Amino acid sequence: MITLTQKNSNNNCGVTVGCSGRSLTTLATGANDCDTDSIAGSSNTVIGILSGETNVVGYTISSGAINYTSWESGTYTVRLNIVNTSTVITLEEIYICRADKDCISQATVGSTTGLAEDLSTTGTRTFNITGSSQTAELTDRLAFIFVFSAGAPGGALGIKPDQDIDTPIIDSRRIARETYGKTTAQILELDLDFCGNTYSISPCTASGASGTECYNCFETCQDKPNFTRTTKTYRFGNRGSIMPQGEIIRPYISSIKTAPLKIDPDKGTAARSKAIVKLVDDNTLDVNEDPYYSTRPTPASGAYWGRFIARNPNYAGRWARIRKGYPVDPWDWDTFQDELYIIESIKGPATDGSVSIILKDPLKFADRRQIPTPTSGKLTHDFNTTEDTGTAQSGTSTTIKLRNEASAVDDFYNGMNVYITGGTGKDQERTITDYVGATRVATVATWDVTVDSTSTYDVERISITLDDASEYSDPATTGNQEYISIGKEVIEYESLSGNVISWTTVLKRGQFGTSRESHKEDYNVQQCFVPINQPVTTVLTDLINAVDVADDYIDLTGMSIEETNWLGPQYYITTCIPKPVKASELIEELCLHTNSVLWWSPISQKFKYKVIGPSAPGDRIIPSFTDDNMVKVTVNRRDEKRFTRSFMYYDMDSVTEDHKKPFNFLRAIAYIDTDAESVNEYNEVRQDTNNSRFLTDVNDVAVNSWLNRRIAYRRDTQSEVKITIDPYSFNFDVADLFDFNSNTLVDEAGENKTVRVLVTSINDMGGQIEIEGLTTIFGNRYGFIAANGYPDHGLATEIQKQYAFISNASGLMGDGTDGYLII
Amino acid sequence: MSQPTIIYQNVFDGTLTASGTATGFVVDNIKDFRPFTYWKADALTATITVDNGTAVSCDYLLVYGHDLNTQGATIELRGSTDNFSASDVLVKTITPTNDDNFAEFFTASTAYRYWRIQITGTTVPTLAIISAGLKLTIPSYLDEGFDPIGRTPMVKNNRSRNGHPIGKVIQFQEYEQTLKFPLVTWTWVRDTWAPAWEAWLKDNPFVFVWEIDTYSSELRLITIDGGFKTPHKAGQWADLQLKIEGVYE
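These numbers come from a predicted model, not from an experiment.

Participant: What's the story with the overall build of chain B in this structure? I'm lost.
Facilitator: Secondary structure assignment for chain B yields two helices and 15 strands. Principal-axis analysis of the C-alpha atoms places the extent of chain B at approximately 65 × 60 × 30 Å. Every one of the 249 residues in chain B was classed for burial, and the buried ones make up 51%. A sequence separation of at least 24 residues applies to 73% of the contacts in chain B between residues at least 6 apart. Distance between charge centres in chain B, computed from 20 positive and 28 negative side chains, equals 7 Å.

Participant: Which parts of the structure should I look at to understand helix 9 (residues 700–714) of chain A?
Facilitator: Side chains of residues three or four places apart in an α-helix project in the same direction, reflecting 3.6 residues per turn. Residues and elements named next belong to chain A. The end-to-end C-alpha distance of helix 9 is 21 Å, a good match for the 21 Å that 15 residues give at a rise of 1.5 Å each. Taken as a whole, helix 9 has its buried residues at A702, V703, W706, L707, R710, I711, Y713 and R714. Here the buried residues of helix 9 occupy an arc of 160° about the axis, which is enough to place them on one side.

Participant: Got a minute to help me understand the sheet that holds strand 28 (residues 388–391) of chain A in this structure?
Facilitator: Sheet strands associate in pairs through backbone hydrogen bonding, adopting either a parallel or an antiparallel arrangement. Residue and element names in this part refer to chain A. Across the sheet, four strands lie side by side as 28-35-31-32; this open sheet has antiparallel pairing. Only two strands of the sheet have a single partner each, and these edge strands are strand 28 and strand 32 (429–431). Pairwise comparison of adjacent strand axes, ignoring direction, gives a mean angle of 20° for this sheet. Here strand 31 (residues 417–422) pairs with strand 32 via three bridges, running antiparallel. Residue pairing for strand 32: V418 is matched across the bridge by R430.

Participant: Even after reading the chapter, I still don't get the packing of helix 5 (residues 536–546) of chain A against helix 7 (residues 583–592) of chain A, so can you show me in this structure?
Facilitator: For any two helices packed against each other, the geometry comes down to the angle between their axes and how far apart the axes lie. Residues and elements named next belong to chain A. One way to put it is that helix 5 packs onto helix 7 with a least axis distance of 10 Å and a crossing angle of 165°. What the angle tells us is that helix 5 and helix 7 run roughly antiparallel. The element helix 5 and its partner helix 7 pack so that their crossing is left-handed. Across the interface between the two elements, V536, V539, L540, L543 and I544 of helix 5 pack against L586, I587, L590 and C591 of helix 7.

Participant: Even after reading the chapter, I still don't get unusual backbone geometry, so can you show me in this structure?
Facilitator: With the exception of glycine, most residues fall at negative phi, and the peptide bonds are largely trans. Here the amide bond leading from A152 of chain A into P153 of chain A is cis, since omega sits at 5°, within 30 degrees of zero. Its place among the elements puts P153 of chain A in the loop between strand 14 (141–150) and strand 15 (154–160). For D548 of chain A, which is not a glycine, the phi torsion comes out positive at approximately 70°. Tracing the backbone shows D548 of chain A in the loop between helix 5 and helix 6 (556–566). Not every positive phi belongs to a glycine, and L183 of chain B is a case in point at roughly 55°. When you line up the elements, L183 of chain B lands in strand 11 (residues 165–185).

Participant: Just checking my understanding: could you explain the nonpolar core for this structure?
Facilitator: Inside soluble globular proteins, nonpolar side chains tend to come together where they are buried. Residue and element names in this part refer to chain B. Ranked by size, the top nonpolar core spans 45 residues in total, and within it I6, L62, F181, W193, L201, V207 and F208 carry the most contacts. A total of eight residues in this core trace back to one element, the largest contributor, which is helix 2 (residues 186–201). The residues contacting I6, other than those within four sequence positions of it, are K135, L136, I138, W193, L201, F206, V207 and F208.

Participant: I would appreciate a short explanation of the state of the cysteines in the present structure.
Facilitator: Covalently bonding the sulfur atom of one cysteine to the sulfur atom of another cysteine gives a disulfide. Residue and element names in this part refer to chain A. Throughout the structure, instances matching the rule amount to one disulfide over all chains. With its sulfur 2.0 Å from that of its partner, C19 forms a disulfide with C97. Measuring the twist about the S-S bond at about -70°, one finds the C19-C97 disulfide to be left-handed. Here C19, found in strand 2 (residues 18–19), pairs with C97, found in strand 9 (residues 89–99); they are 78 residues apart in sequence, far enough to count as distant. Considered together, C19 and C97 belong to a single accessibility category, that of buried residues. You can see C217 has no disulfide; the closest cysteine sulfur is in C214, sitting 7.0 Å from it.

Participant: Whenever I open this one, the confidence of the model for chain B confuses me. Can you help?
Facilitator: Caution is warranted with low-pLDDT regions, since their predicted coordinates should not be read in detail. Residue and element names in this part refer to chain B. Mean pLDDT over chain B: 93, with 100% of residues reaching 70 or higher. Within chain B, strand 10 (residues 152–159) has the poorest average pLDDT of any element, 88, and strand 5 (residues 74–80) the best, 97. Taken together, the chains of this predicted complex give a pTM of 0.81 and an interface ipTM of 0.86.

Participant: How should I be thinking about the packing of helix 5 of chain A against helix 6 of chain A in this particular structure?
Facilitator: Residue and element names in this part refer to chain A. Taken N-terminus to C-terminus, the directions of helix 5 and helix 6 make an angle of 150°; their axes are 9 Å apart at the nearest point. By the angle class used here, helix 5 and helix 6 are roughly antiparallel. Along the contact surface, helix 5 presents V536, T537, L540, T541 and I544, while helix 6 presents L556, M559 and E563. When grouped by side-chain class, the residues that make up the contact of helix 5 with helix 6 number five nonpolar, two polar and one charged.

Participant: Please clarify how the side chain of S149 of chain A should be interpreted in this entry.
Facilitator: Residues and elements named next belong to chain A. Its location among the elements puts S149 in strand 14. A distance of 3.4 Å separates polar atoms of two side chains, one belonging to S149 and the other to E92. Ignoring anything within four residues of it in the chain, the contact list for S149 reads I49, E53, T54, V88, I89, T90 and E92.

Participant: What should I look at first to understand the packing of aromatic side chains in this one?
Facilitator: Ring pairs (aromatic) are described by centroid distance and by the angle formed between their planes. What the rule picks out here adds up to 37 aromatic pairs over all chains. Note on F218 of chain A and F227 of chain A: the rings are 5.1 Å apart at their centroids and 85° apart in plane angle, and the pair reads as edge-to-face. Here F218 of chain A falls in the partly exposed class, since its relative accessible area comes to 34%. Residue class for F227 of chain A comes out buried when judged on its relative accessible area of 16%. Taken together, a centroid distance of 6.0 Å and an interplanar angle of 85° make the contact between Y252 of chain A and F36 of chain B edge-to-face. Pair noted here: Y252 of chain A is in strand 20 (residues 250–259) and F36 of chain B is in the loop between strand 2 (16–18) and strand 3 (39–40), and the two residues belong to different chains. Each member of the aromatic cluster is reached from another via a ring pair, and the members are Y234, F236, Y252, Y304, W305 and F308 of chain A together with F36 of chain B. The side chain of R311 of chain A reaches across the aromatic face of Y215 of chain A, ending 3.9 Å from its centre. Cation over ring: R220 of chain B sits above Y175 of chain B, and NZ or CZ is 4.9 Å from the ring centre.

Participant: Just checking my understanding: could you explain the interface of chain B and chain A for this structure?
Facilitator: Frequently, the measure chosen for interface size is the accessible area removed from exposure when the parts meet. Taken together, the contact pairs 35 residues of chain B with 41 residues of chain A. Between chain B and chain A the total buried area reaches about 2,900 Å² when both faces are included, carbon and sulfur atoms providing 50% of it. A per-residue breakdown of the area chain B buries against chain A is headed by F36, R161 and Q171 of chain B, which together make up 24% of the total. Linking chain B with chain A are two salt bridges.

Cut-off values and rules
Residues numbered from 1 in each chain as written. Chains lettered and ligands numbered in written order. Predicted model: local features only at pLDDT ≥ 70, side-chain atom pairs only at ≥ 80, totals over all residues. Heavy atoms only, no water. Helix = DSSP H or I, 4+ residues; strand = E, 2+ residues; numbered from the N terminus. Buried < 20%, exposed > 50% of the residue type's maximum accessible area, 1.4 Å probe, protein only. Contact = heavy atoms within 4.5 Å. Lys, Arg positive; Asp, Glu negative; His and termini not counted. Charge placed at Lys NZ, Arg CZ, Asp CG, Glu CD. Expected span 1.5 Å × (residues − 1). Arc of directions from axis to C-beta. Pairing = 2+ DSSP bridges. Axes fitted to C-alpha atoms, helices over the stretch in contact; angles between N-to-C directions. Parallel < 35°, antiparallel > 145°, perpendicular 65-115°, else oblique. Left-handed = near helix turned anticlockwise from the far one by under 90°. Core = buried A, V, L, I, M, F, W, Y, C linked by side-chain atoms within 4.5 Å. Disulfide = S-S within 2.5 Å. pLDDT = per-residue confidence, 0-100. Nonpolar A, V, L, I, M, F, W, Y, C, P; charged D, E, K, R; others polar. Polar contact = N/O pair within 3.5 Å; in protein donor to acceptor, adjacent residues only side chain to side chain. Phe/Tyr/Trp six-rings, centres within 6.5 Å; stacked < 30°, edge-to-face > 60°. Lys NZ or Arg CZ within 6 Å of the ring centre and 35° of its normal. Buried area = accessible area lost by both parts, 1.4 Å probe. Salt bridge = Lys/Arg side-chain N within 4 Å of Asp/Glu carboxyl O.

Structure follows, in structure tokens:
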């Protein structure tokens, strides 16, 4: 049975969720989360209702929190804790809704109406509501909608979101995992292209004789223009493992070797996870793979893998899943957890027919792709720094007479801008609408200040023509400021029409510290990647999207929480990436310089992001590992990773210069821990130098903070902790924290020391789970400001104690434990 | 006590005609001796019919990997001389009381040109292997040392650093035996065993039944690991030795 706990947070669906016509979209002030992490809310939800009207309070779970497809029918026990009463407000209806990951209603699971529940006294109300069974997506959500109404004169109600909601949904994976003796199974699924047509039936126009049909794969397609790409899932299991009756899962897996993802705070992204699945061959019949098996005059020769590869040579980049679970009787797929990868390559068949399928995580897309995407447009003409420059001979209110050396060709400068660089009328700019070569007189819109013979000027193009501009973004479509780079110059453009890229002022040239340059015909014009005053997580999302990974595969909610908790406006990014760079290099740099990590979580099947920091209150209960529940432990000190001073060079002078050279940056901040360098401590200097393409002068506070945290984190030697546990205790993810207490890590008195460890890697090997982590400084108590209504420290729960309390004058709490630090 | 038996010869190894097949299933899956490929009819009553060209004999029916009991279904083996036009003879009918694999040996063999499997009931079952034909009976009893139920779990036994047991995870249980049949005749080895070896046993899975009368549920889907040995014994005798392996189910 899965139990949910009401919370104060409002990250899951907000007011958008509902069912049976009841939602929180209009009147709601009480949209809250509820989730499986047992961390109850503490702040009251107060709703006001006018006489004769209704209002709604709702609780919604996170997408994927249930993570089961078969939701059992049964009784939902729903509770509501009334802390501020009303004599005129009653609870009328409760709805249990199933919504998809986007909070769109899918079904009403159960409801009760006509309650007229009196709320004039405080206390918890409990309702048992029958819910129907549901066939859900793994990412579906539950939502609980409470509908209140008020009589005259209306009033307010206070609800404390601290109650549990019991569901009939059976947590079968947890039950299986926590069973002492359990069976394990691993299943590989490959999603490969498959034609949705039937041979020779419209739209397929192939017309070969019976027995010569294709195999419904592109490689053998006889009517490629009408190939209709769908997906066929091929499934393979461990040899000997129990498999579900009636499902074709070929027991060909002889081994699965995994190199799990490993996040590295020094790099910003994780080492890519990798799995090598070795599968044996089988001289099986072709009946399940060949749709036209029955018409073949002779059975297919060869064995399984040879035929498989011949028919599916385009496997690279397709999705693959490793499903790890605990088979039970009757079979229950809900005991399985899926890890999502992409197919990297298939090695073999070897002499014995076996193959090895190499799977990698989708961060590989970022290794293969470049940002900005290379664009191939070329200038169709020379494009100079200026088309003419000099001192005007004279001017009128609507003309300027250029120097004698200017072009003698009529209309030569039409459409270009003349910019007054000095003298009378300085800094005025006008577009030339007519030019008479014989007189050198250019006609412009009326000057604010009429130019004269003291005025110096530049005549410049405000548009360029490419041989093909179809690859470039149109600002009118994207709504963004768009930039191109030519040579070492960056130009902002404002319009794209056909093959013409244009801008309205000469000041759009030479952006991001670059200078105007002359460019020759056939020079390449490159679209730039330019975030302007964007949150870090928005830039990261844009970078991931740019390698063709959709938002569905990004933990946008988690990113938003990290952005709110730890980053904010001082980390807003404005920069220009003028030429193509490996996408993963940019992601790594941005994460590293914002003290965060990004990784692909095969289990969540999303890119996840976390700022390296203490566990925020309410995140989760920190698991604890001791010598009683660990099978193996290794602790290695990482002396080589320590440093005492850190430098950050940032704010590039010109974005087209080499970012690896410090002298191309305008700003630098250093943080030196002189205590750490003193003779009584480490007695040495260890320097860390960083250059950032993303941070500028508006990020000064962020850079200072980053350096401070970096030294605090790294001045002392960290330890790398490797532990092995039984699946029984496995209930967390990479980048979570756990407390580690073992006789392998003791204090000066030889007593076991509890340290908080950042999980950097998890390797689920079926029978055992290997976990790697880094010791952190987060074992100290960091102060987070709690909401109103919290009890004193002595009465607080362990979860509440994650917030700050004031210590005594000795820096200790009432129970003698250490006081809280403030970050 | 019955003699050890090998099941591989199958009258349903020819061109099969199913009354109807559910989407995603193929009828030929019942004859491949692979427990992970299935046939499922589209409706009941369902039949699978085969024409062997001439009359062929059956003295057993094997069903391996099924949910007949769960689905409340009955399986019948029927024979015919005219493709079930006028001739339709019920040879065997079985309504399993569980979903365990089973084999039924007939008291006498019976021969027909057309053979049919018929499934009746209300809910359509899935079936992995159906085989009927002439069994291969070993003319010798197993030598001492044979272990019909021994098994080796592929297991990870987890104990804490303090020594306490905290969990045990099994991948599967392996069934592995070295079979020794003492004193079979050279005539049987040459005329019966060797042809069976070449026809099927050397490179295909088969079912081994060590004692059908007393332990009918102890049948194993196995393959031979390596080859076989037939060391000569005094007179016209030899010992047949082979190593088998499979999954203990």
